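Chain residues, written in single-letter form:
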Amino acid sequence: MTEPLLRVRDLRTYFVSERGSGTARAADGVSFDVFPGETLGIVGESGCGKSVTSLSILRLVPEPPGHILPGSLIEFEGRNLLTLAPRELRAIRGNRIAMVFQEPLTSLNPVLTVGDQIAEAAVVHQRLSRRAARARAVEMLAQVGIADPGTRVDQYPHELSGGMRQRVMIAMALVCHPQLLIADEPTTALDVTIQAQILELLDRLQTELGMAVMLITHDLGIVAGQADRVAVMYAGQVVECATTKDLFAQPGHPYTEGLLASVPRLDRPRERLHAIPGQVPAATAWPAGCRFHPRCPHAWDRCRAEEPPLLDVALGHTARCWLVAEPARRAGTAP
Amino acid sequence: MAAASWLALGAALLAAWLGVAAIRRAALTTNAGRAFFTPGAHAPARWGLLLLAAAAALALAAPLVAPYAPTAQLDIVGLQNRPPSFAHPLGTDLYSRDVWSRLLYGARVSLAVGALGMVIAVTVGTAVGAAAGYWRGAVDAVLMRLVDVGLSVPRIFVLLVLAGLWERMPLGVLVLAIGLTSWFGTSRLVRAEVLAAREREFVQAARAMGAGPARIVLRHVLPNAAGPIFVTAALGTGVVMLLESGLSFLGIGVAAPLPSWGNMIADAKDSVRAAPWSVLAPGLAIGLVVTACAAVADGLRDALDPRRARRGAEQLAPFPASWDLSAPMHDPTADAPRSRA
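Only a predicted model underlies this, so the values are computations on that prediction, with no experimental measurement involved. (Residues numbered from 1 in each chain as written. Chains lettered and ligands numbered in written order. Predicted model: local features only at pLDDT ≥ 70, side-chain atom pairs only at ≥ 80, totals over all residues.)

1. Some details on the overall build of chain B
Then, in step 1: When its secondary structure is counted, chain B shows 14 helices and 0 strands.
Then, in step 2: Beginning at the N terminus, the succession of helices and strands in chain B can be written as α-α-α-α-α-α-α-α-α-α-α-α-α-α.
Then, in step 3: Taking all 341 residues of chain B together, 45% fall into the buried category.
Then, in step 4: A fraction of 69% describes how many contacts in chain B between residues 6 or more apart in sequence connect residues 24 or more apart. (Helix = DSSP H or I, 4+ residues; strand = E, 2+ residues; numbered from the N terminus. Buried ≥ 20, exposed ≤ 12 C-beta atoms within 10 Å, placed from the backbone. Contact = placed C-beta atoms within 7 Å.)

Now the structure itself:
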């Protein structure tokens, strides 16, 4: 088996509030791997720690109030990113690992031309001259499918449409040909038709450049279409990790089941849409035991008392649920 | 006054006009520039800009435009306190010097002190404010307490003490002293802008791209805080000019015989009955240029703020208390309850 490109182990990112309302354990023991060239989907509801996890990888979590706990490990190409000096870290940001943000308008600087912004990473990391940087920006604009790149390169973000802005964001991220692209809800702010175009573009560029993509989303449809493997997050932890096919075919965690059941489907008789009861608990007070037990239809005493580890469901398929160890406990099956 | 002087005057004014036209052409490529130069809106601001350009052009061309040397005492008996005439458009002063020539050379000093003092103040203020706003925490606390100290020391006393160190304070020292005591307000403003800008997503995007702190501050944060900085700079020029005039009037600023608008008033104040023109000319010049600065600042503020862009310049910027050297910091009448009419 190939070595993972990125290895995240027991990542704990906590936020300490100044008012003393407690510590928010936004990421609380997150572990997963990203292998070279693959797409890993990270799914979960709002507030489950997806974004904090992705920001922690590049150490972009604002400190204070946030901090990453010492026992955490984020290993990229054999180096722990959490112990790098700021200068070494900057050499990786935008160069080996790049990021695409959710909101393409606010993530672009309104006073710089898109060309300047696309070329910025190349100027920072490769010390390109002005002329070379501009040529590179034009080339990148063409590569992300923007018509008339020679004109667009000198325009400002407000002169572009939402879809074009997101293409510009992708061009910015890819200008140094990173090994890993972290895309944090890259299509949430876009129309559905534009979404499909952007995802197609990401797919194409991933094949062309051979990079790995970490796709963070709450949209299971996007995951089904794009990801090779999926990590499902809940309450600051990865609760299930499997290949996309396995996950959709036989989810191992009741939360994943709930997520899948809450997707509207055209190929089934129309019925009331399933909703997972309750809501994600506050990050300052995760429930004891299994963090999903207050919302879980199968929960029993053990779930309330003991926190389950990631248990093997099958080869390459893990779930953080006692049902894996005691399948007979599943509600609706005879004991 | 010779024909050559009139010709030079015309040429200087034409140059000022062309200069403003060039600024306008360049500005029309940006949104804020278009808002500033929209016909109808910001008329005082555009007149102010023209006036400032004219003043600057005349100051630069002073040796060509001025009919006499600024310190030449032409005829101490025959030409003392003469009213305006064709030979002396603004009359002569007590020492038989041509007021128009002195006004032109005085503009060099007054405008240069105003502009340079403002450049120093805005540069220092921006640097301090950006550092405090970007790094926050201890840096912020130390710098801002420093600013509090600076704001609480009456500037006039600092300048008086400095003036005592020299027989004649060199012009460079005066500019530096004015600049280094004028940046406190700017630094607070810039800090607030930077605090807001650093939280914006594109700053995080720049960080994710591997940009270092210097690059983030200079390229991503400050350009997005440029509007208020421009406005303070325009307003500040007027404030600094007034301060220079005040100091020169008190005799601790620009030293005679080098003319500045402030010491021209000081020189002429004793003969104000005999020769009111020698006081009026520099006084009006100060008033006009400072008002022009305020008008330009006001227009800039409207033009740079999209929310105010449509409303035009309905009011001039209120004069801050610091403009008046003698005024107490706190106006006791301001809090007095208003009697009901």
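From this point, the discussion proceeds with the structure in view.
2. What about the interface of chain B and chain A?
Then, in step 1: Each side of the interface is counted separately: chain B has 14 residues, and chain A has 20 residues.
Then, in step 2: It is helix α10 (residues 201-208) of chain B that contributes the most residues to the side of chain B that touches chain A, 6 residues altogether.
Then, in step 3: Here the side of chain B that touches chain A is built from residues that sort into 6 nonpolar, 5 polar and 3 charged. (Nonpolar A, V, L, I, M, F, W, Y, C, P; charged D, E, K, R; others polar.)

3. A look at unusual backbone geometry
Then, in step 1: A positive phi is found at Asp148(A), a non-glycine position, where the angle reads about 55 degrees.
Then, in step 2: Within the secondary structure layout, Asp148(A) lies in the loop between α4 (130-143) and α5 (149-152).
Then, in step 3: The exposure class of Asp148(A) is exposed, given the 10 C-beta atoms found within 10 Å.
Then, in step 4: Phi is positive for Ser96(B), close to 65 degrees, though the residue is something other than glycine.

4. Section: the sheet that holds strand β7 (residues 97-100) of chain A
Residues and elements named next belong to chain A.
Then, in step 1: With mixed pairing, 8 strands are arranged side by side in an open sheet as β7-β8-β9-β3-β10-β11-β13-β12. Of all strands in the sheet, those bounded by a partner on one side alone are β7 and β12 (311-314). Strand-to-strand, the axes of this sheet are offset by a mean angle of 20 degrees, without reference to chain direction.
Then, in step 2: One ladder, built from 4 bridges, connects strand β3 (residues 39-43) with strand β10 (residues 229-234); its direction is parallel. Residue pairing in the sheet places isoleucine 42 in a bridge with alanine 231 of β10. (Pairing = 2+ DSSP bridges. Axes fitted to C-alpha atoms, helices over the stretch in contact; angles between N-to-C directions.)

5. Concerning helix α10 (residues 254-261) of chain A
Then, in step 1: Those residues of α10(A) lying buried are Pro254(A), Tyr255(A), Thr256(A) and Leu259(A).
Then, in step 2: If you follow the buried residues of α10(A), they end up packed against α8 (220-226), β10, β11 (237-243) and α9 (244-249) of chain A.

6. Examining the packing of helix α3 (residues 114-126) of chain A against helix α6 (residues 162-174) of chain A
All names here are of chain A.
Then, in step 1: Running from N to C, α3 and α6 cross one another at 30 degrees; their axes reach a closest spacing of 7 Å. The orientation of α3 with respect to α6, classified from their angle, is roughly parallel. Contacts between α3 and α6 pair Val114, Gln117, Ile118 and Ala121 from the former with Val168, Ala171 and Met172 from the latter.
Then, in step 2: Residues of the contact of α3 with α6, tallied by class, amount to 6 nonpolar, 1 polar and no charged. (Parallel < 35°, antiparallel > 145°, perpendicular 65-115°, else oblique.)

7. Thoughts on helix α1 (residues 3-27) of chain B
All names here are of chain B.
Then, in step 1: Taking 1.5 Å as the rise per residue, α1 with 25 residues should run 36 Å; its terminal C-alpha atoms sit 36 Å apart, in good agreement.
Then, in step 2: Buried residues of α1: Leu9, Ala12 and Ala16, and no others.
Then, in step 3: On the buried face of α1, the contacting elements are α3 (43-60) and α4 (62-65). (Expected span 1.5 Å × (residues − 1).)

8. Section: the environment of Asn95(A)
Then, in step 1: Here Asn95(A) lies in the loop between α2 (86-92) and β7.
Then, in step 2: Residues Asn95(A) and Val238(A), 143 residues apart in the sequence, show an inter-C-alpha distance of 27 Å.

9. Quick look at the packing of helix α5 (residues 99-135) of chain B against helix α9 (residues 184-197) of chain B
Residue and element names in this part refer to chain B.
Then, in step 1: Interhelical geometry of α5 versus α9 gives an angle of 40 degrees and a closest axis separation of 7 Å. Classified by the angle their axes make, α5 and α9 are oblique. Between α5 and α9 the crossing geometry is right-handed. Contacts between α5 and α9 involve Ala121, Val122, Gly125, Thr126, Val128, Gly129, Ala130, Ala132, Gly133 and Tyr134 from the former and Thr186, Ser187, Arg188, Leu189, Val190, Arg191, Val194 and Leu195 from the latter. (Left-handed = near helix turned anticlockwise from the far one by under 90°.)

10. Digging into the pairing of strand β2 (residues 23-34) of chain A
In the case of a regular strand, side chains alternate between the two sheet surfaces.
All names here are of chain A.
Then, in step 1: By the criterion of burial, β2 is predominantly enclosed, with 9 of the 12 residues buried.
Then, in step 2: Judged from the 9 bridges that link them, strand β1 (residues 6-16) and β2 form a sheet pairing that is antiparallel. From the neighbouring strand, phenylalanine 15 faces β2, where its bridge partner is alanine 24.

11. A closer look at the environment of Leu89(A)
Residues and elements named next belong to chain A.
Then, in step 1: Summarising the element assignment, leucine 89 is placed in helix α2.
Then, in step 2: Looking at leucine 89, the number of C-beta atoms within 10 Å reads 18, which means it is partly exposed.
Then, in step 3: Each C-alpha atom of the pair leucine 89 and glutamate 307 lies 34 Å from the other, and the pair is 218 residues apart in sequence.
Then, in step 4: Apart from the residues lying within four places of it in its own chain, the contact partners of leucine 89 are Arg59, Leu81 and Leu84.

12. Details of the confidence of the model for chain B
All names here are of chain B.
Then, in step 1: Summarising the model, chain B shows a mean pLDDT of 81, and 89% of its residues fall at 70 or more.
Then, in step 2: With pLDDT under 50 throughout, residues 308-341 is counted as low confidence; its partners more than four residues away or in other chains account for 28 contacts.
Then, in step 3: Note on the complex model: pTM 0.76, ipTM 0.81. (pLDDT = per-residue confidence, 0-100.)

13. Considering the pairing of strand β8 (residues 180-184) of chain A
Residue and element names in this part refer to chain A.
Then, in step 1: Most of β8 is tucked away, with 5 of its 5 residues classed as buried.
Then, in step 2: Of the two faces of β8, the one carrying Leu180, Ile182 and Asp184 and the one carrying Leu181 and Ala183 are both buried.
Then, in step 3: Both β7 and β8 contribute to a ladder of 4 bridges, which runs parallel. For isoleucine 97, the partnering residue across the bridge sits in β8 and is leucine 180.
Then, in step 4: Here 5 bridges tie β8 to strand β9 (residues 212-217), and the two strands are oriented parallel to one another. If you follow alanine 183 over to β9, its bridge partner there is leucine 215.

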